[in-house]
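Here are the chains, one letter per residue:
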Amino acid sequence: MSKNQSAVMLRRNFKHLTRNPTSVFNAVLMPVVMMLMFVYVFGDAFDVGVDYIDYATPGLMLLAVCYGLGATATSVNSDMTKGIINRFKVMDVSRSAVLNGHVVASVLTNLIAIGALLGVAFLLGFDPSASLLDWLGAIGIVVLLGLAAGWFTIALGLAAKSPETAGIAAVPLVMLPFFSSAIVPAELMGPGVRQFAEYQPFTPIIETLRGFLNGSPDTTDLIVAVAWCVGITLVGYLWASATFKKRA
Amino acid sequence: MRSSAIEVSGLRKAFGDKKVLDGIDLTVAAGTIFSLLGPNGAGKTTTVNVLTTLMQADSGSVRVAGHDVATEAKAVRALIGVTGQFAAVDELLSGQENLQLMVDLNRAVTGNGKRIVNDLLERFELTEAAQKPAATYSGGMRRKLDLAMTLVGNSKIIFLDEPTTGLDPRSRRTMWEIVRGLVADGATIFLTTQYLEEADQLADRIAVLDQGRLVAQGTPEELKRQIPGTHVRLRFATVADLDAAARLFADSTRDAEALTLRVPSDGGTTSLRALLDRLDEHSLGAEEFSVHTPDLDDVFLALTGHATEVGAK
């Protein structure tokens, strides 16, 4: 009987998430707090042409993905630095089982966080005009983004010296959505930041999400978004695999 | 079963310019405890890492349970258990969950997983703490859990890298009992330690590792005998007897206060008989006679020219 080590590792990673209150807070509650803050405190200050909650929700969904990454980086690094990886290696647990467990746990956390966020968004009057197909598209993009961010974060976590520095290494990924069209349209930003916001990968991803939730996805945005996600996934995967081989 | 569980010859390993292992040869007989003794930085952990397939050697041959660690790593891994220097337990999981994780991951385990877990918890006196996260365990409990996790696979060859470092004396003794129990059940143990007493207490054979080389190898008694310093101590009834005896043995040292004479000896029966015969010829009798062998601290100092960190203080 062959045991499914990937499933066992995933279960382990998921238990970790539920037992680490900080990671639950960062991954699930933080995006909700951010949503309340932006909608109630700053929302009226931005003129975005539509209800701010409708504008901001797709951006906050992306933020929700990023907020979960710190925990992923920390936990993958703990595995490497706290000796348990040697135990796994001697038991012939494959690299893919170890890393896949982290990636899938990361994506599942993203989905739970986004579920919570959307729940609150609806309470605040979020009114998307997406069809079932659009929703599926939106979920698809979220999963693709989760995989891309997950693999990239795991590579960062593997490359870091300690769990603490791994957590810090993921911070830029949490900051990046703020310099995109997630919270405010890029046109409202100052020169320099605006160009950065227009061309960084998160902007087409958010615009694609926004398109799906409006019921009018833009094909160019979608293609660019998918290309970014696939590209980042690939880079993250190769980097993570190489680092794992070198370290473990 | 083969008579040697582990065979190592010409093992070398360097990190960059630094030679960590510089030609290690050793053999571990099945069903025995072999102890690699050395101070911090001697290369103990590197040796364990190579022997357990975690690290590739630069050169030399290593066979564990008859399999080459470089070319048949999978076969080796299926037969060994390893407890690393730092307790490799999952701190967020409970003791019971840690063991269950090992059962779930271990392809060699096919029996009743729950029973294996419960038996191990009981054997290591962890049943009471089984549901608590390992992060709350004391150092000793963590080590026990760590070792229990290693034993899930029921491996016949077990590597223990400094299993008692950082433990209090009581936990150390408990660990020793556990190790003895494993050998009694037929396992072979490869144990590293920086505690001379530990090697002396547990090991059938000891190899002394210093800066990547084995400076001595043998049974604890053999090692003690290899070095100068073994002597016979004779206590006499009178100063006259003591002086007479001192004249017989030119290289002896006398202690008039205690009425004792120290005579250098290798501790072997031949030289002891010669010594006693010599006393007899001169009609001298000692009140008390003892062969004094140095402990492992002395061994280390004599073999390497410097004290161990533990022995130095």
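Residues numbered from 1 in each chain as written. Chains lettered and ligands numbered in written order. Predicted model: local features only at pLDDT ≥ 70, side-chain atom pairs only at ≥ 80, totals over all residues.

**Regarding the overall build of chain B**
Of the regular secondary structure elements, chain B holds twelve helices and 14 strands. Seen through its C-alpha atoms, chain B measures out along the principal axes to roughly 75 × 45 × 40 Å. Pairs at least 24 residues apart make up 68% of the contacts formed inside chain B by residues separated by at least 6 positions. (Helix = DSSP H or I, 4+ residues; strand = E, 2+ residues; numbered from the N terminus. Contact = placed C-beta atoms within 7 Å.)

**Observations regarding the overall build of chain A**
The number of helices and strands found in chain A is twelve helices and zero strands. Walking chain A from its N terminus toward its C terminus, one meets helices and strands in the order α-α-α-α-α-α-α-α-α-α-α-α. In terms of overall dimensions, chain A is globule-like: its C-alpha atoms have a radius of gyration of 18 Å, near the 18 Å expected for 248 residues. Across its three principal axes, chain A shows a C-alpha extent of roughly 60 × 35 × 30 Å. The buried share of chain A, reckoned over its 248 residues, is 47%. Restricting the contact set of chain A to residue pairs at least 6 apart, pairs at least 24 apart contribute 82%. (Rg over C-alpha atoms; globule rule 2.2 N^0.38 Å. Buried ≥ 20, exposed ≤ 12 C-beta atoms within 10 Å, placed from the backbone.)

**Structural notes on the interface of chain B and chain A**
Facing the 19 residues of chain B at the interface are 19 residues of chain A. Among the elements of the structure, helix H2 (73–77), strand E6 (80–83) and helix H3 (95–105) of chain B are those that each provide at least two residues to the side of chain B that touches chain A. Per-element tally for the side of chain B that touches chain A: the top contributor is H3(B), with three residues.

**Describing the sheet that holds strand E10 (residues 213–218) of chain B**
Residue and element names in this part refer to chain B. The sheet built from six strands is open, its strands ordered E6-E7-E8-E3-E9-E10 with mixed pairing. At either margin of the open sheet sits one strand with a lone partner, and together these are E6 and E10. For this sheet the average axis-to-axis angle between neighbouring strands, irrespective of direction, equals 15 degrees. Sheet strands touched by helix H5 (residues 139–151): E6 and strand E7 (157–161). Its angle to E6, the strand with the most contacts, is close to 165 degrees. With respect to the sheet, helix H6 (residues 169–184) is in contact with strand E3 (33–37), E7 and strand E8 (188–193), its orientation differing from that of E8 by roughly 155 degrees. (Pairing = 2+ DSSP bridges. Axes fitted to C-alpha atoms, helices over the stretch in contact; angles between N-to-C directions.)

**Section: the nonpolar core**
Core analysis: the biggest nonpolar cluster contains 144 residues, and Leu62(A), Leu145(A) and Ile189(B) have the highest contact counts within it. Top element by residues in this core is helix H7 (residues 132–159) of chain A. It accounts for 14 residues. If you look at the next biggest cluster of nonpolar residues, it comprises nine residues, including Phe236(B), Leu261(B), Val263(B) and Ala286(B). (Core = buried A, V, L, I, M, F, W, Y, C linked by C-beta atoms within 7 Å.)

**With respect to H3(B)**
Summarising burial for H3(B): ten of the eleven residues are buried, a large majority. Within H3(B) the residues assigned to the buried category are Gly95(B), Gln96(B), Glu97(B), Asn98(B), Leu99(B), Gln100(B), Leu101(B), Met102(B), Val103(B) and Leu105(B). Summarising the contacts, the buried residues of H3(B) are in contact with helix H1 (5–19) of chain A together with helix H4 (113–123) and H5 of chain B.

**Side note on the environment of Ala258(B)**
As for its placement among the helices and strands, Ala258(B) is situated in the loop between strand E12 (253–255) and strand E13 (260–264). Between the C-alpha atom of Ala258(B) and that of Asp210(B), which follows or precedes it by 48 residues, the distance is 38 Å.

**Focus: the domain arrangement of chain B**
On domain assignment, one finds that chain B holds domain 1 (4–225) and domain 2 (231–292). When each unit is reduced to the centre of its C-alpha atoms, the spacing between domain 1 of chain B and domain 2 of chain B is 45 Å. (Domains from an automatic or database assignment.)

**A look at unusual backbone geometry**
All names here are of chain B. Phi is positive for Ala65, which is not a glycine, with a value near 50 degrees. Within the secondary structure, Ala65 is located in the loop between strand E4 (59–64) and strand E5 (67–68). Judged by local crowding, Ala65 falls into the buried class, with 22 C-beta atoms found within 10 Å. The phi dihedral of Asn154 falls on the positive side, at around 55 degrees, and the residue is not glycine.

**As for the packing of helix H2 (residues 21–42) of chain A against helix H3 (residues 52–67) of chain A**
Helix-helix packing is characterised by the crossing angle of the two axes and by the distance between the axes. Residue and element names in this part refer to chain A. Running from N to C, H2 and H3 point in directions that differ by 155 degrees, and their axes come no closer than 9 Å. It follows from the interaxial angle that H2 and H3 lie roughly antiparallel. Handedness of the H2/H3 crossing: right-handed. Seen from H2, the contacting residues are Asn26, Ala27, Met30, Pro31, Met34, Met35, Phe38 and Val39; seen from H3, they are Tyr52, Ile53, Ala56, Leu60, Leu63, Ala64 and Tyr67. When grouped by side-chain class, the residues that make up the contact of H2 with H3 number 14 nonpolar, one polar and no charged. (Parallel < 35°, antiparallel > 145°, perpendicular 65-115°, else oblique. Left-handed = near helix turned anticlockwise from the far one by under 90°. Nonpolar A, V, L, I, M, F, W, Y, C, P; charged D, E, K, R; others polar.)

**Topic: the confidence of the model for chain A**
Confidence in the prediction for chain A averages 88 pLDDT; 98% of positions are at 70 or higher. Here helix H10 (residues 193–199) of chain A is the element of chain A with the lowest mean pLDDT, 83, and H7(A) is the one with the highest, 94. (pLDDT = per-residue confidence, 0-100.)

**Looking at the sheet that holds strand E14 (residues 288–292) of chain B**
Residues and elements named next belong to chain B. Strand order in the open sheet formed by four strands is E12-E13-E11-E14, and the pairing between neighbours is antiparallel. Across the chains shown, the open sheet's two edge strands, defined by having one partner strand only, are E12 and E14. Going across the sheet, the axis of each strand differs from the next one's by a mean of 20 degrees, ignoring polarity. With three bridges connecting them, E12 and E13 associate as antiparallel partners.

**Details of the packing of H3(A) against helix H11 (residues 202–214) of chain A**
Residues and elements named next belong to chain A. For the pair H3 and H11, interaxial distance at closest approach is 9 Å and the crossing angle is 130 degrees. One way to sum up the angle between H3 and H11 is to call them oblique. Pair H3 / H11 crosses with right-handed handedness. On H11, the residues touching Pro58, Gly59, Met61 and Leu62 of H3 are Phe202, Ile205, Ile206, Leu209, Arg210 and Leu213. The residue inventory of the contact of H3 with H11, partitioned by class, reads eight nonpolar, one polar and one charged.

**Digging into the pairing of E7(B)**
Residues and elements named next belong to chain B. Across the five residues that make up E7, a large majority, five, are buried. Neither face of E7 is exposed, since Ile157, Phe159 and Asp161 on one face and Ile158 and Leu160 on the opposite face are all buried. Summarising the sheet, E6 and E7 pair through four bridges and their orientation is parallel. Following the sheet pairing, Ile80 is matched in E7 by Ile157. Note: E7 against E8, five bridges, orientation parallel. Looking at the pairing, Ile158 lines up with Ile189 of E8.

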